[in-house]
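Take a look at the letters that make up each chain.
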Amino acid sequence: MKYLLLIYMDENAMSDTEREHCYGESAQLAQDLHTQGQFLATAPLHPVATATSVQVREGKSLVTDGPFAETREQLGGFFLVNAQDLDEAIAIATRIPGAKVGTVEIRPVIEVVGLPAQP
């Protein structure tokens with residue numbers, strides 16, 4: 001089953017050096033997961049100041065600068081993984097470096113019939 005592991009943290013919680021170290025650790029985790037056949041995708045996100053939100057209501061688009069939700073912690077990145085079950089997804093989430101300073105939300109992915117195959 002596919003799980004999306006969403007990494008939330010205060011985007012100012014790390015220095016540039018700490019962030020680069022976190023990226024290195026995340027790349028190593030991605031390599032480890034790839035070797036085990038569990039890796040699908042990962043990426044850090046730019047700061048929330050670069051976000052744009054779109055809503056369509058009654059056929060009209062509303063585009064606003066900024067994130068959808070204003071919170072203490074921001075969505076900073078994600079891992080998309082294959083895991084046998086929630087317990088295995090939790091085990092992977094505990095290895096994500098961002099979990100040391102933030103929170104990793106685990107969401108099962110609904111696989112919709114008719115969509116192009118994903119890796």
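For clarity, every value in this text was computed on a predicted model and none was experimentally measured.

Enquirer: Any chance you could explain helix 1 (residues 16-35) here in plain terms?
Expert: It helps to recall that an α-helix has 3.6 residues per turn; residues three or four apart then point in one direction. A rise of 1.5 Å per residue sets the reference length of helix 1, with its 20 residues, at 28 Å; its end C-alpha atoms lie 29 Å apart and thus fit the reference within 8%. Of all the residues in helix 1, the buried ones are Cys-22, Ser-26, Leu-29, Ala-30 and Leu-33. Each buried residue of helix 1 lies within a common arc of 105° when the element is viewed along its axis, so the set occupies one face. Exposed residues lying more than 90 degrees from the buried face of helix 1 are Thr-17, Glu-20, His-21, His-34 and Thr-35.

Enquirer: How should I be thinking about the layout of surface pockets in this particular structure?
Expert: Taken as a whole, the largest pocket holds about 540 Å³ of empty space. For the largest pocket, the lining is made up of 26 residues, of which Arg-19, Tyr-23, Pro-44, Leu-45 and Gly-76 are closest to its centre. Elements represented by at least two residues in the lining of the largest pocket include exactly strand 1 (2-9), helix 1, strand 2 (39-44) and strand 5 (74-82). In terms of residue class, the lining of the largest pocket is made up of 15 nonpolar, 8 polar and 3 charged.

Enquirer: What is the right way to read the pattern of salt bridges from this model?
Expert: Oppositely charged side chains may form a pair once their charged atoms are brought near each other. The full count for this structure, using the stated rule, is 5 salt bridges. Notably, a salt bridge pairs Arg-19 with Asp-16, separated by 3.6 Å at the nearest N-O pair. Here Arg-19 and its partner Asp-16 are both found in helix 1, 3 residues apart, which amounts to about one turn of the helix. Of the residues examined, Asp-16 reaches a relative accessible area of 61% and is grouped as exposed. Asp-32 serves as the salt-bridge partner of Arg-95, at 3.5 Å between the closest nitrogen and oxygen. Separated by 63 residues along the polypeptide, Arg-95 in the loop between helix 2 (86-93) and strand 6 (103-108) and Asp-32 in helix 1 bring together distant segments of the chain.

Enquirer: Before we go on, may I ask you to explain unusual backbone geometry in this structure?
Expert: With a phi angle near 50°, Glu-58 is a residue other than glycine that sits in the positive phi range. Take Glu-58: it is sitting in the loop between strand 3 (52-57) and strand 4 (60-65).

Enquirer: Explanation requested: the side chain of Ser-53 in the structure shown.
Expert: By secondary structure assignment, the location of Ser-53 is in strand 3. A distance of 2.9 Å separates the side chain of Ser-53 from the backbone oxygen of Gly-66, its partner in a polar contact. Within the structure, Ser-53 has its side chain in polar contact with the backbone nitrogen of Phe-68 (distance 3.2 Å). Those residues in contact with Ser-53 that lie beyond four places of it in its chain are Leu-62, Val-63, Thr-64, Gly-66, Pro-67 and Phe-68.

Enquirer: Quick question: what am I supposed to make of the nonpolar core here?
Expert: General note: in soluble globular proteins, nonpolar side chains tend to be found buried as a group. Counting residues in each nonpolar core, the largest one holds 17 residues, and the members touching the most others are Leu-5, Phe-79, Val-81 and Ile-96. The set of elements that each furnish at least two residues to this core consists of strand 1, helix 1, strand 5 and helix 2. Residues contacting Leu-5, with those up to four places away along its chain left out, are Gly-77, Phe-78, Phe-79, Val-81, Ala-89, Ile-92, Ala-93, Ile-96, Val-104, Glu-105 and Ile-106.

Cut-off values and rules
Each residue is numbered by its place in its chain's sequence as written, counting from 1. Restriction of local features to residues with pLDDT of at least 70 applies here, the model being predicted, together with a cutoff of 80 or more for giving and counting side-chain atom pairs; totals for whole chains, interfaces and linings are based on all residues. The basis for every side-chain value is the complete set of non-hydrogen atoms in the structure, without hydrogens or water. Numbering of helices and strands runs from the N terminus, with a helix taken as a DSSP run of H or I at least four residues long and a strand as a DSSP run of E at least two residues long. Multiply 1.5 Å by the residue count of a helix minus one, and that product is the helix's expected span. Exposure classes here rest on a 1.4 Å probe applied to the protein chains alone. A residue is buried below 20% of its type maximum, exposed above 50%, and partly exposed in between. The arc in question is the one spanned by the directions pointing from the helix axis to the C-beta atoms. Residues are said to line a cavity or pocket when one of their atoms sits within 4 Å of a point; the points come from a 1 Å grid over protein atoms alone, cavities being sets where a 1.4 Å probe fits but cannot get out and pockets being open sets with protein on both sides within 12 Å along at least five of seven lines. Grid points are joined across faces, edges and corners, and a volume is the space filled by probe spheres set on the points. Any residue outside Ala, Val, Leu, Ile, Met, Phe, Trp, Tyr, Cys, Pro, Asp, Glu, Lys and Arg is labelled polar, Gly included; the first ten of those are nonpolar and the last four are charged. Should a side-chain nitrogen of Lys or Arg be within 4 Å of a carboxyl oxygen of Asp or Glu, the pair is scored as a salt bridge. Any pair of nitrogen or oxygen atoms within 3.5 Å is treated as a polar contact; in protein, a donor-acceptor pairing is required on top of that, and neighbouring residues in sequence qualify only through side-chain atoms on both sides. Here, residues are in contact when the closest pair of their heavy atoms is within 4.5 Å. The nonpolar core is taken to be a set of buried Ala, Val, Leu, Ile, Met, Phe, Trp, Tyr and Cys residues, with the residues joined through side-chain atoms within 4.5 Å.

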